[in-house]
Amino acid sequence: MGQPKISSRPSRSAAVRLLAAAQLPTEDLTAAHCEHFFYSGPPTEPTGLVGLELFGDVALLRSLVVAPERRGTGEGVALLKHAERHARGQGVTTLYLLTTTAEAF
């Protein structure tokens, strides 16, 4: 399977729908956060999403999600690699992930 097309800045509403479907936090997500978010799939119904919160040379990886029907296709890995490249391009030297549910990934 080919690499998914990854686009920048999903709409907040589309991001919230995908995150909520995966029971991930959405309460603090603002349109401004979406500046460093990336998605795969159609803009109105993304199938994957990853976001970064940048704090100088440190960033928090948040909200990595892939729709259940797309899991196992490499979409999550592609999104993660894209986010890592973006973070490096922004001068990030340390990337943190806080999770209780993504140990296997």
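What counts and how
- Residues numbered from 1 in each chain as written.
- Predicted model: local features only at pLDDT ≥ 70, side-chain atom pairs only at ≥ 80, totals over all residues.
- Heavy atoms only, no water.
- Helix = DSSP H or I, 4+ residues; strand = E, 2+ residues; numbered from the N terminus.
- Buried < 20%, exposed > 50% of the residue type's maximum accessible area, 1.4 Å probe, protein only.
- Expected span 1.5 Å × (residues − 1).
- Pairing = 2+ DSSP bridges.

1. With respect to unusual backbone geometry
Inference 1: We note that Arg 9 has phi near 55 degrees; this positive angle belongs to a residue other than glycine.
Inference 2: Tracing the chain through its elements places Arg 9 in the loop between strand S1 (6-8) and helix H1 (12-21).
Inference 3: Note on Arg 9: relative accessible area 55%, which makes it exposed.
Inference 4: The backbone phi angle of Ser 63 is positive, close to 65 degrees, even though this residue is not glycine.
Inference 5: Residue placement: Ser 63 occurs in strand S4 (residues 58-66).

2. Section: helix H2 (residues 75-89)
Inference 1: Given a rise of 1.5 Å per residue, 15 residues ought to cover 21 Å, and the 21 Å separating the end C-alpha atoms of H2 matches this to within 8%.
Inference 2: Where H2 is concerned, the buried positions are Glu 75, Gly 76, Ala 78, Leu 79, Leu 80, Ala 83, His 86 and Ala 87.
Inference 3: Two residues or fewer after H2 comes Gly 91, characterised by a positive phi angle close to 90 degrees.

3. Examining the pairing of S4
Inference 1: As defined by bridge partners, strand S3 (residues 48-55) adjoins S4 across seven bridges and the pair is classed as antiparallel. Residue pairing in the sheet places Phe 55 in a bridge with Val 58 of S4.
Inference 2: A loop of two residues connects S3 with S4, the two strands running antiparallel in sequence, and Gly 56 in this loop sits at a positive phi of about 70 degrees.
Inference 3: Bridge count between S4 and strand S5 (residues 94-97): four bridges; the pairing is parallel. Bridging across to S5, Val 58 finds its partner in Thr 94.

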